[in-house]
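Spelled out, the chains give:
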Amino acid sequence: DAGVTQSPTHLIKTRGQQVTLRCSPKSGHDTVSWYQQALGQGPQFIFQYYEEEERQRGNFPDRFSGHQFPNYSSELNVNALLLGDSALYLCASSSGLAGVAELFFGEGSRLTVL
Amino acid sequence: LAKTTQPISMDSYEGQEVNITCSHNNIATNDYITWYQQFPSQGPRFIIQGYKTKVTNEVASLFIPADRKSSTLSLPRVSLSDTAVYYCLVGDKAPGRRALTFGSGTRLQVQP
């Protein structure tokens, strides 16, 4: 059983460009959350999707947007990239009734903005 | 959400027991204490969760005093592979749809 898979694993962009990151949740999970982790910091919550809608949002500008598909997979889009957007982007999946032990993170997509 | 405070870093040697303490003075009655482990370039992984007294699993033990204003994660006989960042989180037991709030964590370095 595959866990949470994310793609791409690494990518390099330049300022002003746009990026799309993808996440497939663990089998049986319907909820996907995205986190941004800057170097040396803990993960920061960006937003969460279930039933194909954004349900919660952290303190991130609307340059950060997302989508969830009928198969529960999700995309994170970041427009007008800034140098400060360089980070590890983590996807976490769960189900609505899951306890914390059933929250699974992927290995992340490392974005470098030049 | 209750704020947590942990040491920034700790050093240990293989075979020793490591205790990482987390302060959470404003913990609410319904809050649980949860610890995650994160290796470089990987996502965090659940280690253990507790509400009061002591919880033990195959990986670690969690000690929580009666006032619940702090907790201690205990890793018995650490190995080099335990080198990681450890995060203490406080919140609902079942955050299947709750945003987690991570601090900066404790960076544990285990040396031979």
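Cut-offs and rules
Starting afresh in each chain, residues are numbered from 1 along the sequence in its written order. To read the labels, note that chains go from A and ligands from 1, taken in the order they are written. Note on the predicted model: pLDDT of at least 70 is required for a residue's local features to be given, and 80 or more for side-chain atom pairs to be given and counted; whole-chain, interface and lining totals, by contrast, use all residues. Note that the side-chain values use all heavy atoms of the structure and ignore hydrogens as well as water. Helix and strand definitions here come from DSSP, where helices need a minimum of 4 consecutive H or I residues and strands a minimum of 2 consecutive E residues; each element is numbered from the N-terminal end. Put simply, the radius of gyration uses C-alpha atoms, and a globule should come to 2.2 Å times the residue count raised to 0.38. The cut-offs for exposure are 20% and 50% of the maximum accessible area for each residue type, with area from a 1.4 Å probe on protein chains only; residues under the lower value are buried, those over the upper are exposed, and the others partly exposed. Contacts are assigned to residue pairs that have any heavy atoms within 4.5 Å of one another. The method behind every accessible area is Shrake-Rupley, applied with a 1.4 Å probe, and residues are considered shielded solely by the protein chains displayed. Our working definition of a disulfide is a cysteine sulfur pair at a distance within 2.5 Å. Here a strand pair is declared whenever DSSP counts at least two bridges between the two strands. Simply put, an axis is a line fit to the C-alpha atoms, just over the touching stretch for a helix, and the angle between two N-to-C directions goes from 0 to 180 degrees. Of the grid points, spaced at 1 Å and generated over the protein atoms alone, those admitting a 1.4 Å probe that cannot get out make up cavities, while open sets with protein on both sides within 12 Å along at least five of seven lines make up pockets; any residue with an atom within 4 Å of a point is treated as lining. Grid points are joined across faces, edges and corners, and a volume is the space filled by probe spheres set on the points. Asp, Glu, Lys and Arg are counted as charged, while Ala, Val, Leu, Ile, Met, Phe, Trp, Tyr, Cys and Pro are counted as nonpolar; the rest, among them Gly, fall into the polar class.

**Student:** Explain the overall build of chain A to me, using residue names and the numbers behind them.
**Tutor:** Secondary structure assignment for chain A yields zero helices and 11 strands. The C-alpha radius of gyration computed for chain A amounts to 13 Å, which stays within 12% of the reference 13 Å derived for 114 residues, consistent with globular compactness. Seen along its three principal axes, the alpha-carbon backbone of chain A occupies a region of about 40 × 25 × 20 Å. Looking at chain A residue by residue over its 114 residues, the buried ones come to 48%. Restricting to contacts in chain A with at least 6 residues of sequence separation, those with at least 24 account for 52%. Only carbon and sulfur atoms are counted for the fraction: they give 48% of the accessible area of chain A, which is about 5400 Å².

**Student:** Quick rundown of the state of the cysteines? Include the residues and the values.
**Tutor:** Using the criterion set out here, one finds two disulfides over all chains in the structure. Each sulfur in the disulfide pair Cys23(A) and Cys91(A) lies 1.8 Å from the other. Taking the sign of the S-S torsion, about -60° here, the bridge from Cys23(A) to Cys91(A) comes out left-handed. Taken together, the positions of Cys23(A) in strand 3 (residues 19-24) and Cys91(A) in strand 9 (residues 87-94) put the pair 68 residues apart, joining distant regions of the chain. Each member of the pair, Cys23(A) together with Cys91(A), is buried. For Cys22(B), the disulfide goes to Cys88(B), at an S-S distance of 2.2 Å. Disulfide Cys22(B)-Cys88(B): the torsion about the S-S bond is -80°, which places it as left-handed. One end of the pair, Cys22(B), is in strand 2 (residues 18-23); the other, Cys88(B), is in strand 8 (residues 84-91), and 66 residues separate them in sequence. The buried category is assigned to Cys22(B), whose relative accessible area is 0%.

**Student:** With reference to specific residues and values, describe the sheet that holds strand 4 (residues 45-50) of chain B.
**Tutor:** Note on sheets: strands pair through backbone hydrogen bonds, and any given pair is parallel or antiparallel. Residue and element names in this part refer to chain B. Spatially, five strands are ordered 1-9-8-3-4 in an open sheet, and the strand pairing comes out mixed. The open sheet has two free edges, formed respectively by strand 1 (9-13) and strand 4, since each of these has just one partner strand. The average undirected angle you get between the axes of adjacent strands in this sheet is 25°. Here strand 1 runs beside strand 9 (residues 106-111); their pairing, made up of five bridges, is parallel. Counted as the bridge partner of serine 12 is valine 110 from strand 9.

**Student:** Give me the lowdown on the layout of surface pockets, citing residues and values where you can.
**Tutor:** Counted as a void, the largest pocket has a volume near 300 Å³. Phe39(B), Pro40(B), Ser41(B), Val85(B) and Arg107(B) are the residues nearest the centre of the largest pocket, which is lined by 19 residues in total. Grouping the constituent residues of the lining of the largest pocket by class yields nine nonpolar, eight polar and two charged. Taken as a whole, the second largest pocket spans an internal volume of roughly 230 Å³. Taken together, 14 residues make up the lining of the second largest pocket; nearest its centre are Phe104(A), Phe105(A), Gly43(B), Pro44(B) and Arg45(B). Within the residue set of the lining of the second largest pocket, elements represented by two or more residues are strand 10 (104-105) of chain A together with strand 3 (32-38) and strand 4 of chain B. For the lining of the second largest pocket, the residue count by class is seven nonpolar, five polar and two charged.

**Student:** Would you mind going over the sheet that holds strand 7 (residues 64-68) of chain A in detail, with residue names and values included?
**Tutor:** All names here are of chain A. Strand order in the open sheet made by the four strands is 1-3-8-7, with antiparallel pairing throughout. The sheet is open, and its two borders are formed by strand 1 (5-7) and strand 7, each paired with just one other strand. Neighbouring strand axes in the sheet, compared pairwise and without regard to direction, differ in orientation by 20° on average. Relative to strand 8 (residues 74-78), strand 7 runs antiparallel, the two being bridged by five bridges. Each residue of the ladder has a partner; that of serine 65, found in strand 8, is asparagine 77.

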